[in-house]
Amino acid sequence: MSQMKHIDNTPSTPGKFKMEKSPYNRLRVHSSLAKLTFWSFVFLGAIFVFFYRSPSSSSPVTSDLNRRSLRTNSYGGPAWEKKVRTSAKIRSRNGISVLVTGAAGFVGTHVSAALKRRGDGVLGLDNFNDYYDPSLKRARQALLERTGVYIVEGDINDVALLNKLFDIVPFTHVMHLAAQAGVRYAMENPSSYVHSNVAGLVSLLEVCKSANPQPAIVWASSSSVYGLNTKVPFSEKDRTDQPASLYAATKKAGEEIAHTYNHIYGLSLTGLRFFTVYGPWGRPDMAYFFFSRDILKGKSIPIFEAANHGTVARDFTYIDDIVKGCLGALDTAEKSTGSGGKKKGPAQLRVYNLGNTSPVPVSDLVSILERLLKVKAKRMIMKLPRNGDVQFTHANISLAQRELGYKPTTDLKTGLKKFVQWYLSYYGISFPVFGST
Ligand SMILES: O=C(O)[C@H]1O[C@H](OP(=O)(O)OP(=O)(O)OC[C@H]2O[C@@H](n3ccc(=O)[nH]c3=O)[C@H](O)[C@@H]2O)[C@H](O)[C@@H](O)[C@@H]1O
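Thresholds applied
- Residues numbered from 1 in each chain as written.
- Predicted model: local features only at pLDDT ≥ 70, side-chain atom pairs only at ≥ 80, totals over all residues.
- Heavy atoms only, no water.
- UniProt positions renumbered as here; feature names shortened; annotations may be inferred.
- Near = heavy atom within 4 Å.
- Polar contact = N/O pair within 3.5 Å; in protein donor to acceptor, adjacent residues only side chain to side chain.
- Areas by Shrake-Rupley, 256 points an atom, 1.4 Å probe, with all protein chains shown as cover.
- Helix = DSSP H or I, 4+ residues; strand = E, 2+ residues; numbered from the N terminus.
- Nonpolar A, V, L, I, M, F, W, Y, C, P; charged D, E, K, R; others polar.
- Expected span 1.5 Å × (residues − 1).
- Bend = angle between axes of the 7 residues up to and from the residue.
- Axes fitted to C-alpha atoms, helices over the stretch in contact; angles between N-to-C directions.
- Parallel < 35°, antiparallel > 145°, perpendicular 65-115°, else oblique.
- Left-handed = near helix turned anticlockwise from the far one by under 90°.
- Contact = heavy atoms within 4.5 Å.

The protein is annotated in an unreviewed UniProt entry as UDP-glucuronate 4-epimerase of Fraxinus pennsylvanica. Within the UniProt record for the protein, the comment given under Subcellular location (unreviewed entry) is "Golgi apparatus, Golgi stack membrane". According to its UniProt record, the protein has this under Catalytic activity (unreviewed entry): "UDP-alpha-D-glucuronate = UDP-alpha-D-galacturonate".

Set out below in structure tokens:
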């Protein structure tokens with residue numbers, strides 16, 4: 001401390017003392033001191049105005065990104081690296097090592113657990129943002145930790161962190177599931193979709209392209225890319241240039257970005273178009289989830305219908321079927337061909353529908369929930385809002401069937417029963433619900 005003081009009082013140049021000895025110089029020093037004080041105030045004032053009045057600092061974008069804790073927490077150190085290595089360690093013959101982004105998310109948790117179960121190395125990455133209740137994400141994290149999967153807390157836009165992870169583990173695969181999901185929320189917070197689904201994807205692909213070896217990447221696109229397409233069932237060959245929401249547009253952009261990185265850098269890329277995935281540990285922002293909550297609370301639920309009382313339907317797909325599709329995609333993914341950021345030859349570029357091939361009207365979904373929950377829903381029929389929803393989705397899955405061995409086996413009634421079972425036990429709600437179905 002005293003040493004510090006000594007250092008602070010030492011003039012940087014001896015000449016300064018000499019100058020002070022002349023009265024003329026003293027005058028000059030005083031006047032420059034006054035000037036210095038004046039300008040310091042001006043400068044501090046400017047800083048104050050910039051930080052407290054600047055529109056950008058209080059813009060919804062900045063404050064939202066801060067609020068949603070998208071920043072990477074501290075990382076590094078031998079203990080942290082050991083956790084990363086242990087989690088990503090392959091424990092079976094022919095196993096793969098996978099970086100799963102969005103590992104604390106709904107699909108991410110299930111895929112990570114399935115990979116770990118069969119002996120693959122798995123490292124999770126998640127920013128734990130508060131788009132929906134983060135305590136559910138923490139509970140999923142705890143679940144994964146028990147199976148030996150460690151989740152690094154960080155954002156996919158953090159290139160330094162991603163590079164560090166690739167320095168520690170030569171991942172053979174990336175399962176990229178981190179995204180801003182939800183069709184309707186895109187009108188409330190458009191920038192979060194660009195941040196995660198466009199910028200985040202690019203930053204991840206930048207790191208993958210430079211990694212040595214380059215990993216093969218499987219990532220989550222969405223059925224929403226079919227947008228206003230009316231040809232059913234939706235086939236991968238159908239047009240996808242009429243997105244009905246910004247969410248859909250960012251997923252479509254992702255498919256085009258994937259094409260670019262495949263073309264320039266030889267990255268092996270597989271996009272999976274998920275069709276309204278549901279099940280235990282699901283997302284509370286999705287209709288089946290909050291319908292269950294509100295039916296139990298006796299709150300009315302808005303059920304959308306199209307013009308002229310047209311039915312709104314979804315090709316609801318059960319999580320276990322989706323997991324099988326994801327694993328099938330990882331297992332059939334060919335290696336990327338580039339190295340050192342340079343393409344060495346053509347690489348695989350694929351897109352698949354992962355749906356259930358059996359659309360169910362939303363009103364039927366509610367009837368199933370009523371039976372499972374033994375509570376009559378207060379239905380509030382509403383016109384389908386013009387905020388991104390499409391009237392129906394229906395997947396043609398023959399391509400995934402042929403090339404990934406994908407074969408969904410769970411109908412909505414069976415899948416919802418499993419969801420409701422989980423929901424009641426997770427939220428500690430006990431009453432006799434089962435038996436009658
Ligand atoms: O398949 C997909 O690609 C998308 O599936 C879901 O989107 P969505 O099908 O709109 O799922 P929900 O928000 O759960 O809505 C399910 C159905 O319920 C309807 N709904 C939703 C909310 C509501 O209040 N009332 C209502 O009738 C919707 O119109 C829709 O037909 C996911 O939220 C997206 O992240 C995903 O990408």
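There's plenty left to go through after this.
Student: Please explain the site of the ligand as it appears in this structure.
Tutor: Residues in contact with the ligand amount to 24 residues; listed here are only the nearest, Arg 184, Ser 222, Ser 223, Tyr 247 and Pro 302. Here an oxygen atom of the ligand and a side-chain polar atom of Ser 223 are 2.7 Å apart. In the model, an oxygen atom of the ligand is placed 2.9 Å from a nitrogen or oxygen of the Arg 283 side chain. Protein burial of the ligand: of its 700 Å² of free accessible surface, 95% is covered by the chains. Elements represented by at least two residues in the shell around the ligand include exactly helix H11 (287-297) and strand S8 (300-305). Partitioned by chemical class, the residues of the shell around the ligand number 15 nonpolar, five polar and four charged.

Student: Looking at this structure, I do not really get helix H9 (residues 190-210). What am I missing?
Tutor: Side chains that are three or four residues apart share a direction in an α-helix, a result of its 3.6 residues per turn. Taking 1.5 Å per residue as the helical rise, H9 with its 21 residues ought to reach 30 Å, and the 30 Å between its terminal C-alpha atoms agrees with that figure. Of all the bends found along H9, the most pronounced is centred on Gly 200 and spans about 35°.

Student: How do you make sense of the packing of helix H5 (residues 78-88) against helix H8 (residues 159-168) when you look at a structure like this?
Tutor: The axes of two packed helices give the description: the angle between them and the distance between them. Running from N to C, H5 and H8 point in directions that differ by 65°, and their axes come no closer than 10 Å. Viewed along their axes, H5 and H8 adopt a mutual orientation that is roughly perpendicular. Crossing handedness for the pair H5 and H8: right-handed. Touching Trp 80, Glu 81, Val 84 and Arg 85 of H5 are Leu 161, Lys 164, Leu 165 and Ile 168, all from H8. Grouping the constituent residues of the contact of H5 with H8 by class yields five nonpolar, no polar and three charged.

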